[in-house]
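Residue-level structure breakdown
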Amino acid sequence: MEHIVTLAAAVTAFAPWLEPTDAELAAIEAEAPLIAAEVEELDTVIALMDRPVNELDTRRARRAHARVLAARAALANTETGEAA
């Protein structure tokens, strides 16, 4: 029988090398507005699943999707601006 304690030492032994680098943290921070917009869109879709959709709900879903597209465009524009 293997003890979990012996496996835990092997798993946590590499923890310092698994930390994100400064560049990875900066990339996550740059993508934060897009992630927030996607979460908001998902929340909107989930809220609309359990009831009949009316015109106001349709507008709400479209606005949420438009925010996602705007965040994607802004992220794409900043990425191409940094590469040039």
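Now for a quick tour of the structure. Every value quoted in this text rests on a predicted model; they were computed, and no experiment measured them.

When helices and strands are counted, the chain shows three helices and zero strands. The secondary structure elements of the chain, listed N-terminal to C-terminal, are α-α-α. For the chain, the exposed surface amounts to about 6,900 Å²; the carbon and sulfur share of it is 65%.

Mapped onto the secondary structure, D57 falls in helix α3 (residues 55–83). D57 sits in the buried class, given a relative accessible area of 7%. Excluding its chain neighbours within four sequence positions, the residues that come into contact with D57 are L48, R51 and P52.

A separate point is the environment of E38. By the element assignment, E38 lies in helix α2 (residues 22–49). For E38 and H65, which are 27 residues apart along the polypeptide, the C-alpha to C-alpha distance reads 8.0 Å. In contact with E38, not counting residues within four places along its chain, are V68 and R72. A distance of 3.4 Å separates polar atoms of two side chains, one belonging to E38 and the other to R72.

This part covers a nonpolar patch on the surface. Together, L42, V45, I46 and M49 make up a nonpolar patch on the protein surface, roughly 410 Å² of accessible area in all. With respect to the element layout, V45 can be found in helix α2.

Calculation notes
Residues numbered from 1 in each chain as written. Predicted model: local features only at pLDDT ≥ 70, side-chain atom pairs only at ≥ 80, totals over all residues. Heavy atoms only, no water. Helix = DSSP H or I, 4+ residues; strand = E, 2+ residues; numbered from the N terminus. Areas by Shrake-Rupley, 256 points an atom, 1.4 Å probe, with all protein chains shown as cover. Buried < 20%, exposed > 50% of the residue type's maximum accessible area, 1.4 Å probe, protein only. Contact = heavy atoms within 4.5 Å. Polar contact = N/O pair within 3.5 Å; in protein donor to acceptor, adjacent residues only side chain to side chain. Patch = residues over 30% accessible without salt bridge, like charges linked within 9 Å, V, L, I, M, F, W, Y side chains within 5 Å. Salt bridge = Lys/Arg side-chain N within 4 Å of Asp/Glu carboxyl O.

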